[in-house]
Every structure is written in structure tokens, then in C-alpha cells.
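Residue-level listing of the chains:
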Amino acid sequence: MTPAANPSPPDLPEETSLAQALAAIAPHGVRTGCRLIREGDETHLLPEEARSIPARQPAMRRASGAARWIAHRLLADIGIKNIAIPRAPSGAPVWPHGTIGSLAHDDDMAVAAVASVGNIVSLGIDVEPALPLPDDIFALVASGADRTDAVNRLFAGRILFAAKEAVYKAVYPLDHQVLGYEDITVDLNTGRATTTTGRSANLVYCIAPRVVVLAFIGE
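Residues numbered from 1 in each chain as written. Predicted model: local features only at pLDDT ≥ 70, side-chain atom pairs only at ≥ 80, totals over all residues. Heavy atoms only, no water.

Asks: Explain the pattern of salt bridges here, please?
Replies: The final tally for this structure, using the stated rule, is 11 salt bridges. Two residues, arginine 158 and glutamate 128, come together in a salt bridge whose shortest N-O distance is 3.0 Å. Of the two residues, arginine 158 sits in helix 5 (residues 156-175) while glutamate 128 sits in strand 4 (residues 120-129), which places them 30 residues apart along the sequence. Considered together, arginine 158 and glutamate 128 belong to a single accessibility category, that of buried residues. Residue aspartate 175 pairs with arginine 199 through a salt bridge whose shortest N-O separation is 2.9 Å. Of this pair, aspartate 175 sits in helix 5 while arginine 199 sits in the loop between strand 6 (192-195) and strand 7 (200-206), and the two are 24 residues apart along the sequence. Judged by relative accessible area, arginine 199 falls into the partly exposed class, the value being 28%. (Salt bridge = Lys/Arg side-chain N within 4 Å of Asp/Glu carboxyl O. Helix = DSSP H or I, 4+ residues; strand = E, 2+ residues; numbered from the N terminus. Buried < 20%, exposed > 50% of the residue type's maximum accessible area, 1.4 Å probe, protein only.)

Asks: Please clarify how unusual backbone geometry should be interpreted in this entry.
Replies: Comment: phi is negative for the bulk of residues other than glycine, and the bulk of peptide bonds are trans. Going from alanine 208 to proline 209, the amide bond is cis rather than trans, its omega being 0°. Tracing the chain through its elements places proline 209 in the loop between strand 7 and strand 8 (210-218). Even without being glycine, histidine 176 reaches a positive phi, approximately 55°. Looking at the element boundaries, histidine 176 is found in the loop between helix 5 and strand 5 (184-187).

Asks: What should I look at first to understand the environment of isoleucine 125 in this one?
Replies: Relative to the helices and strands, isoleucine 125 is located in strand 4. A residue is classified by how much of its surface remains accessible, and isoleucine 125, at 0% relative accessible area, is buried. With near-sequence residues (within four places) excluded, isoleucine 125 lies in contact with Ser102, Leu103, Ala104, Val111, Ala112, Ala113, Ala166, Lys169, Val212, Val213 and Leu214. (Contact = heavy atoms within 4.5 Å.)

Asks: Mind showing me how you'd approach the sheet that holds strand 8 here?
Replies: In a beta sheet, neighbouring strands pair by backbone hydrogen bonds and run either parallel or antiparallel. One open sheet accounts for five strands, arranged 4-8-7-6-5; its pairing is antiparallel. Lying at the two open borders of the sheet, with one neighbouring strand each, are strand 4 and strand 5. Sheet twist, expressed as the average angle between the axes of neighbouring strands with direction ignored, equals 25°. In terms of strand pairing, strand 5 meets strand 6 through four bridges, oriented antiparallel. The residue of strand 6 that forms the bridge with valine 186 is alanine 193. Against the sheet, helix 5 touches strand 4, strand 5, strand 6, strand 7 and strand 8, its axis set at about 150° to strand 4. (Pairing = 2+ DSSP bridges. Axes fitted to C-alpha atoms, helices over the stretch in contact; angles between N-to-C directions.)

Asks: I keep staring at the nonpolar core and nothing clicks. Help me out?
Replies: Soluble, globular proteins show a tendency: their nonpolar side chains are buried together. Among the nonpolar cores identified, the biggest contains 25 residues, and Ile159, Val167, Val186, Leu188, Leu203, Val213 and Ala215 are the most heavily contacted of them. Elements represented by at least two residues in this core include exactly helix 5, strand 5, strand 7 and strand 8. In terms of residue count, helix 5 provides more of this core than any other element does, 10 residues in total. The residues touching leucine 188, leaving out its near neighbours within four places in the chain, are Arg147, Thr148, Val151, Ala156, Ile159, Leu160 and Leu203. (Core = buried A, V, L, I, M, F, W, Y, C linked by side-chain atoms within 4.5 Å.)

Asks: Hey, could you run me through the sheet that holds strand 2 (residues 99-105) in this one?
Replies: Strand order in the open sheet formed by three strands is 1-3-2, with antiparallel pairing between adjacent strands. Because the sheet does not close on itself, it has two edges, and the strands there are strand 1 (31-36) and strand 2. Neighbour-to-neighbour, the strand axes of the sheet open up by a mean angle of 15°, direction not taken into account. Of the strand pairs in this sheet, strand 2 and strand 3 (residues 109-116) are connected by seven bridges, and their pairing is antiparallel.

Pasting the structure below:
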């Protein structure tokens, strides 16, 4: 069954700007997309997807539908059409065989990244508003080993937060281990991150019009 055939309005300026920013940072072979979450986006969930998502709050289901709307189109671009991306019990999306990907959303924007399995073996993405990270959250996220002095100080905490979320999403499918923020060390000066489980990830990010971090792990 195909996603619901609701007419999609033209891209909005923020979507166009973010799509261009994502395309500029994505490594070769990784397709990215974004969508401002709209009323009715929950109807883009395929039946298997809808059954797999336990959240009943309309906002959460709309966000999940928006993220999968993007992912369905990214997969179609590489020849994989009408395939569900259900939610695993762990919360991670289950990608079609031979593909990898990641989904994320904040209150207003959903993003996705997709690639065929190849030189990159796992992806993670996170999106955040382009605002300073509150001090109490920064205190939970940051460690003395993190390096952020090469980035805009106003957004350094927000980028760090998004980076750790993206790294976790990239690492979990490989190791199936739950990691805390203290288990992930991020060096934004070099665009690298390491975990206490021995994984190493590359990081790329954009700041405007949203903070988005893409983490990817090679062979």
C-alpha cells in the first residue's frame, strides 16, 4: 500500500533552506531531506508503521508521519518504493534490507537521511532549533573531554547535544547497547566522536535555519 495521497503543499522557505544546507554537508551517497510538520502528517504512516508506533499523542504521530514521508521519498529515489519503515521495540526505525538511515524531529521540523549499504555502514541524524542550549541541559550533556571551541559559542551546546544524539543513533544498530551522554565524546574541532564501546563516528553539521548533525560510521 502506498502512503496516503494527500496533496503536498509547495516547499516553504525554511524547508528549501534546510534542504540545501543538508545537501551541502551530506557525504557522498547519503540522501537527506526535511519537512515542516503539518496537520494530517500522521496519515503518511503506512499501516505497518502506524501499528508499530505506540505513541497515541497526535503531535508525536504527526512527527513520525512527517519523518517517514521524507524517508519514503528518499528510498524511492534509490528504487525502493512502498516499503514500510516500522519502529522496532528499541525505538529505532527498521530499514529495508540493503539500506541504512536515520529519522529525527523537533517540535516543528522532521529530517531524514538514507543511503545504500556501502562504505558507510550506519547513520544517525538529529535536528534542533537554532537556539542556545539551556544551561541545565548542557550540564547533563557535556563532559570535560568534549571539544567545541571551533564552533559558534552561541550554538556550541546545541550542536554538542545534537551530535551526541546523532552518534547514539548511528552506534546503537551496530552494538545494541544503551549509551549515556557521558559515554560519547565529541570533538567538533575535528568532526569526530568516540564512544566507550570503541566506536568512532564522523560528524557534519549545519546551523541555519536549524541545527542538524549527521553522524556516520564507515567500514
